[in-house]
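# An overview of the molecular structure
Below, each chain spelled out in residue letters.
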Amino acid sequence: MTVICWFRRVLRLDDHPALVAAAQDGPVIPLVILDGAEARNHPASAQRQAMALPALEAALQARGSRLVVRRGDPATVLAQVIRDSGALAVHASEGMPFARDQGLHDAVAAGGARLHLHPLADLVPRGRVLTKGGTPFKVFTPFWRALRRTDIAEPLPAPRLRAPDTWPGSDGPDWPEARAAMNRGWPVVARHVQAGEAAAHARLDAFLKRVTAGYAEARDRPAKGDATSGLSDALAVGEISARRVWHRALRAQDQGRGGIEDFLRELAWREFARELFHAAPDMDRTCWRPEWNDFPWQGDGPDAEAWRQGRTGVAMVDAGMREMFATGRMHNRVRMIAASFLVKHLMIDWRVGLDWFARCLTDWDAASNAMNWQWVAGCGPDASPFFRVFNPDGQAGKFDARRLYRDHWLQGDGARDFARAAPRSWGSDPGRRPAPLVDLDQGRRRALAAYRGFARKDAAAL
Ligand SMILES: Cc1cc2nc3c(=O)[nH]c(=O)nc-3n(C[C@H](O)[C@H](O)[C@H](O)COP(=O)(O)OP(=O)(O)OC[C@H]3O[C@@H](n4cnc5c(N)ncnc54)[C@H](O)[C@@H]3O)c2cc1C
């Protein structure tokens, strides 16, 4: 019985539960679907996925298999490939958020096959780590303690694959909608991507060789490029599983490496985001604490556009926004500063920022993005309180004391890269520094005044 394995943001052979199950069922047709809507909404992530495909194709060919790539709406494509191949089953990983998969079962059944959805090879299956009362954790630290006490399953080895007698046609790995959406950004961002499963493993190995007890402190300094693993994009497109990273890190810890416990804790934040998203699948659109939906956020407009284009006049914020546009990534500390500036100093709705990050990040992950934006905005579970307003200049002085990061993105090679990637309509002049959109002290006072007017309601709901 020929079966389809739909590679859905799990662009690897190692530790891939859906692929293992498919291989047990019969000859496998590995399928990737390039959905135009995804390319339009998440261009950088789509580019990152497109760049992963040649390596995936080569890995499959080395095992006597192939990669079938089709473009279009997933439900329609699945029905077509089932028809073309006579496959009786489709194995795939659960989507995220999990609740949005319902229509796919019907589409696959209409084609005459069955859809089997498998867990994503996260650290733990959803529902495994719960409070004593049997409910999902809403606070990170107790979640982390409980996770650390839990046995994390060993990763699954890549299975042997049998080829079907005939192969359905493939559209090839090019993704024109992603190229069009990235426009001038594509070649600039491409230089910052190391794609493929083997590259992800190599990056992990290199990180585990260099990480030290100083990791927790060094990871806050944006100019120190190699302080962190740089694995978030590989994890986001599924070139490596969180379980694989976890177990390798534990091995390094056994061999005496420092900093591993803090690194595992970061992986746990990713897992926590997934738990939260599972419990609240609309977390990317709705405040976790519903009373925050009444906060007097400002909508989209010229200030938000200046933020997106990296011309707020606040150096650390603009440097970060430029870094993200030109590389598809932004340093974690700078993400917090840029996000905080948008929601607090400019009082703009966190969803405006979330949507922009979701367009620009090669490591875009629906759960991590939503959790972190709600954390910064103060409306999420276990969030940073709204009244704690980061001063972007103070943060810059502390974490970029020698200005290396800001200088790179505001006047160095980074500034030139940004100008090459930015749409011509932005008229970006790499060297020009605009006046600040808002006086930092005034912006802070405005945010706190708005918060005071709202706080009684928030406190009553706690
Ligand atoms: C506003 C905002 C939006 C964000 N959006 C995303 C997103 O869309 N996708 C994404 O992967 N990360 C997101 N992050 C988290 C974080 O910035 C990146 O995961 C981080 O920059 C990854 O760098 P690294 O892989 O070198 O990290 P390392 O320090 O090497 O950490 C190892 C891994 O832990 C996970 N991790 C680390 N920090 C966090 C965190 N705060 N939340 C969740 N997981 C974490 C990542 O998977 C990371 O690869 C966001 C953070 C903020 C403040």
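Everything discussed here concerns the structure shown above.
The following paragraphs examine the structure supplied in this document. Quantities reported herein were computed from a predicted structural model and do not represent experimental measurements.

## Focus on unusual backbone geometry
- The residue Arg 9 is not glycine, and still its phi comes out positive at about 50 degrees.
- By the C-beta count within 10 Å, which is 18 here, Arg 9 ends up partly exposed.
- One non-glycine residue, Arg 403, lies in the positive phi region at around 65 degrees.
- Mapped onto the elements, Arg 403 comes out in the loop between α19 (392–399) and α20 (404–410).

## A short note on the environment of Phe 399
- In this fold, Phe 399 is placed in helix α19.
- By C-beta crowding, Phe 399 is classed as partly exposed, having 18 other C-beta atoms within 10 Å.
- Spatially, the C-alpha atoms of Phe 399 and Arg 219 are 9.8 Å apart, while their sequence positions differ by 180 residues.
- In this structure Phe 399 touches Asp 220, Arg 221, Pro 222 and Arg 333, once residues within four positions along its chain are discounted.

## Topic: the pairing of strand β2 (residues 28–34)
- Most of β2 sits inside the fold, with seven of its seven residues counted as buried.
- Side-chain alternation along β2 places Val 28, Pro 30, Val 32 and Leu 34 on one buried face and Ile 29, Leu 31 and Ile 33 on a second face that is also buried.
- Judged from the four bridges that link them, strand β1 (residues 3–6) and β2 form a sheet pairing that is parallel. From the neighbouring strand, Cys 5 faces β2, where its bridge partner is Pro 30.
- Pairing analysis gives four bridges linking β2 to strand β3 (residues 68–71), with the strands arranged parallel.

## As for the site of the ligand
- The local shell around the ligand holds 27 residues, among which Thr 228, Ser 229, Ser 232, Asn 369 and Asn 372 are the closest.
- For the shell around the ligand, the secondary structure elements donating two or more residues are α11 (232–236), α13 (260–279), α16 (332–345) and α18 (366–377).
- Among the residues forming the shell around the ligand, the class breakdown is 13 nonpolar, eight polar and six charged.
- Looking at which domains feed residues into the shell around the ligand, each of domain 2 (122–152 + 198–279) and domain 3 (290–461) supplies at least three.

## Section: α16
- Taking 1.5 Å per residue, 14 residues should reach 20 Å; α16 reaches 19 Å between its end C-alpha atoms and fits that length.
- Of all the 14 residues making up α16, twelve are buried; the element is thus mostly covered by neighbouring parts of the structure.
- Every buried residue of α16 is accounted for by Arg 333, Val 334, Arg 335, Ile 337, Ala 338, Ala 339, Ser 340, Phe 341, Leu 342, Val 343, Lys 344 and His 345.
- One or two positions beyond α16, positive phi appears at Met 347, with a value near 55 degrees.

## A word on the pairing of strand β4 (residues 89–93)
- The buried fraction of β4 is high, at four of five residues.
- As judged from the four bridges shared by β1 and β4, these two strands associate in the parallel manner. In the strand pairing of β4, Cys 5 is matched with His 91.
- Here β4 runs beside strand β5 (residues 114–118); their pairing, made up of five bridges, is parallel. When the bridges of β5 are listed, His 91 appears paired with His 116.

## Focus on the sheet that holds β2
- Overall, parallel pairing links the five strands, which are arranged β3-β2-β1-β4-β5 in an open sheet. Looking at strand neighbours, the two that pair on one side only are β3 and β5, the edges of this open sheet. Each strand of the sheet is rotated relative to its neighbour by a mean of 30 degrees, with strand direction disregarded.
- Sheet strands in contact with helix α1 (residues 17–25) are β1, β2, β4 and β5, and its direction is about 160 degrees off that of β4.

## Thoughts on the packing of helix α6 (residues 140–149) against α13
- The interhelical angle for the contact between α6 and α13, taken along N-to-C directions, is 110 degrees, at an axis separation of 10 Å. One way to sum up the angle between α6 and α13 is to call them roughly perpendicular. Contacts between α6 and α13 pair Phe 140, Phe 143, Trp 144 and Leu 147 from the former with Arg 265, Ala 268, Trp 269, Glu 271 and Phe 272 from the latter.
- When grouped by side-chain class, the residues that make up the contact of α6 with α13 number seven nonpolar, no polar and two charged.

Rules and cut-offs
- Residues numbered from 1 in each chain as written.
- Predicted model: local features only at pLDDT ≥ 70, side-chain atom pairs only at ≥ 80, totals over all residues.
- Buried ≥ 20, exposed ≤ 12 C-beta atoms within 10 Å, placed from the backbone.
- Helix = DSSP H or I, 4+ residues; strand = E, 2+ residues; numbered from the N terminus.
- Contact = placed C-beta atoms within 7 Å.
- Pairing = 2+ DSSP bridges.
- Near = placed C-beta within 6 Å.
- Nonpolar A, V, L, I, M, F, W, Y, C, P; charged D, E, K, R; others polar.
- Domains from an automatic or database assignment.
- Expected span 1.5 Å × (residues − 1).
- Axes fitted to C-alpha atoms, helices over the stretch in contact; angles between N-to-C directions.
- Parallel < 35°, antiparallel > 145°, perpendicular 65-115°, else oblique.

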